[in-house]
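# Reading the structure
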Amino acid sequence: MKEETKLIQNILSDPLTGSISTPIYQTSTYVQESPGVHKGFDYTRTNNPTRKILERLITDLEYGYGSLAFSSGLASVDAVLKLLECGDEIIAVNDIYGGTFRLLNLYKKLGLITKFVDTTNAEKAISVVSNNTKLFWLESPTNPTLKISDIEYISKESKKKNPKLLVVVDNTFASPAIQNPIKLGADIIIHSATKYLAGHSDVLAGLITVKDPDLYEKLKYIQNATGGVLSPIDCWLTIRGSQTLYLRVQKQSKNAFKVASFLEKKKDYCIDKVYYPGLQCHKNHLIAVKQQRYFGGVVSFSLKKDTIESAKKIVTSTKLFKLAESLGGTKSLICHPATMTHKSTPLDVRRNSGIQDSLIRLSLGIENVEDLIEDIDQALK
């Protein structure tokens, strides 16, 4: 089956009642026939039928061995970091999500070492790998400057240098509709399912997919031990939202390309840089063409007048684009990373990774693109 068909058909009808919609098993515990003898469920922190359906669904979409659903994207990140021990090393993309940066900073106190590198320069990034490197942490596209890393090349070459390291890809910005990192050689995929997978800005959710049975068992143990699981109702919302994933991502990607092209034409006016991997001028455009089906629904741009004040004037002047954090929903959003999503990232780290003070991030929804362009145009004026 093609991906779109597989997504819909793998959400099975309920065998007990024939319900076409996945049941919400809103229960904390389960009746047992005798101590330890049950139907595969004893306590919802450990297992829940609705969560199991969601985990199986994302496993199929990402071509993995197994998946685990968490209460947020950062809870998923936290679970993966708990695989490590004091003194272990992580090589991470320097243009990393602010929440992940904050969490890595917390783990620094517990002895984890993180080296931030520009992973778009694959050879240089791989040269940093040592025998102590346990995780190679990628985001592609990155948040918010939309850098693209060659997942297949980095996975292959980094493992030649250290066969024991694990390649982790935060696939939030792409989603399974755009790329499948496990097929490109990654070991672990992370999603903030809050974004494109759930897709309607009404749920907080995280997902991990792995390709190795042993790795799945380790993470399953961590999930059960720490308890940051996704609730049954939020699992159901994610299952329901994900059914339109391919339709939404196609529309959002088309909208994003047209908006990026419009902004590129404004570079003689007030725009400094436009970040969108679908533009031929994007420095990682050819890698994006190679490993992605679409170029995604996020566009970022900076201003010639590179100040926070200039950016704030624009983000508070749009009418259709709503000023809010997050992305990937049906409604278009506008965000100022320096004072919002990446506020906790130190100024020098932000600037070294290309996040200018005036950088503005757009998350394209499914509205008519002509209306969206008109809204941006009036805000720029």
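This text follows the structure it describes.
What this report covers is the structure whose coordinates are included nearby.

About the thresholds
Residues numbered from 1 in each chain as written. Predicted model: local features only at pLDDT ≥ 70, side-chain atom pairs only at ≥ 80, totals over all residues. Heavy atoms only, no water. Buried < 20%, exposed > 50% of the residue type's maximum accessible area, 1.4 Å probe, protein only. Helix = DSSP H or I, 4+ residues; strand = E, 2+ residues; numbered from the N terminus. Arc of directions from axis to C-beta. Pairing = 2+ DSSP bridges. Contact = heavy atoms within 4.5 Å. Axes fitted to C-alpha atoms, helices over the stretch in contact; angles between N-to-C directions. Right-handed = clockwise from strand over helix to strand, strands pointing away. Left-handed = near helix turned anticlockwise from the far one by under 90°. Nonpolar A, V, L, I, M, F, W, Y, C, P; charged D, E, K, R; others polar. Phe/Tyr/Trp six-rings, centres within 6.5 Å; stacked < 30°, edge-to-face > 60°. Lys NZ or Arg CZ within 6 Å of the ring centre and 35° of its normal. Core = buried A, V, L, I, M, F, W, Y, C linked by side-chain atoms within 4.5 Å. Salt bridge = Lys/Arg side-chain N within 4 Å of Asp/Glu carboxyl O.

### Some thoughts on helix α6 (residues 151-161)
- For α6, the complete set of buried residues consists of I151, I154, S155 and S158. One face of α6 carries all of its buried residues, which in axial projection span an arc of 100°. Turned more than 90 degrees away from the buried face of α6, the exposed residues are K156 and K160.

### Some details on the sheet that holds strand β11 (residues 333-335)
- Judged by pairing direction, the sheet is mixed, and its five strands sit side by side in the order β8-β9-β12-β11-β10 without closing on themselves. The sheet terminates laterally at β8 (271-275) and β10 (322-323), the two strands that pair on one side only.
- In the sheet, β11 pairs with strand β12 (residues 360-363) via three bridges, with the strands oriented antiparallel. In the strand pairing of β12, C335 is matched with R361.
- In the packing of helix α9 (residues 245-265) onto the sheet, contacts are made with β8, β9 (298-303) and β12, and the angle to β9 comes to roughly 15°.

### Side note on the pairing of strand β2 (residues 89-93)
- Across the five residues that make up β2, a large majority, five, are buried.
- Two elements, β2 and strand β3 (residues 113-117), share five bridges in a ladder whose sense is parallel. Counterpart to I90 in the pairing with β3 is T114.
- Regarding the hand of the β-α-β motif, the stretch spanning β2, helix α4 (residues 98-108) and β3 is right-handed.
- Sheet topology note: the β2/strand β4 (residues 133-139) ladder contains four bridges and is parallel. What sits directly across from I90, in β4, is L135.

### A few points about the packing of α9 against helix α13 (residues 369-380)
- Where α9 meets α13, the closest approach of the two axes is 10 Å, and the angle between their N-to-C directions is 30°. By crossing handedness, the relation of α9 to α13 is classed as right-handed. Residue-level contacts link N255, K258, V259, F262 and L263 of α9 to V369, L372, I373, I376, D377 and L380 of α13.
- Taken together, the residues of the contact of α9 with α13 break down into eight nonpolar, one polar and two charged.

### Looking at the packing of aromatic side chains
- Evaluation of the coordinates by the stated rule reveals four aromatic pairs.
- Geometrically, the ring pair formed by Y30 and F41 is tilted, given 5.6 Å between the ring centres and 35° between the ring planes. Residue Y30 is found in the loop between α1 (3-9) and α2 (49-62), and its partner F41 is found in the loop between α1 and α2; the two are separated by 11 residues along the sequence.
- Taking the relative accessible area as the measure of exposure, Y30 reaches 16% and is therefore buried.
- Each ring, one from F101 and one from F116, has its centre 5.4 Å from the other, and the planes form 35°; the classification is tilted. Taken together, the positions of F101 in helix α4 and F116 in strand β3 put the pair 15 residues apart, joining distant regions of the chain.
- Note on F101: relative accessible area 10%, which makes it buried.
- Above the face of the Y63 ring, K183 is positioned so that its terminal group lies 4.3 Å from the ring centre.

### Comments concerning the sheet that holds β2
- The strand order across the open sheet built from seven strands is β1-β7-β6-β5-β4-β2-β3, with neighbouring strands paired in mixed fashion. The open sheet is flanked by β1 (66-70) and β3, the only strands paired with a single partner. Taken pair by pair, the neighbouring strands of this sheet meet at an average axis angle of 20°, ignoring direction.
- With three bridges connecting them, strand β5 (residues 166-170) and strand β6 (residues 188-192) associate as parallel partners. Bridge pairing in β6 places V169 opposite I189.
- The sheet contacts of α2 involve β1, β6 and β7 (206-210), and relative to β1 the element is tilted by about 130°.

### Structural notes on the nonpolar core
- The biggest cluster of nonpolar side chains holds 33 residues, and the ones touching the most others in it are L54, L207 and L245.
- Only α2, α8 (232-242) and α9 provide two or more residues apiece to this core.
- Counting residues per element, this core draws most heavily on α2, which supplies five residues.
- Not counting chain neighbours up to four residues away, the residues in contact with L245 comprise L7, S175, P176, A177, Y196 and L197.
- Among the nonpolar cores identified, the runner-up in size contains 28 residues, and A75, V77, I90 and I96 belong to it.

### Here we look at the pattern of salt bridges
- Taken as a whole and judged by the stated rule, the model has 15 salt bridges.
- Residue E264 pairs with K267 through a salt bridge whose shortest N-O separation is 3.6 Å.
- A salt bridge links K266 to D377; its shortest N-O distance comes to 3.1 Å. Residue K266 is found in the loop between α9 and β8, and its partner D377 is found in helix α13; the two are separated by 111 residues along the sequence.
- Overall, K266 belongs to the buried group, its relative accessible area being 18%.
- With a relative accessible area of 18%, D377 lands in the buried category.

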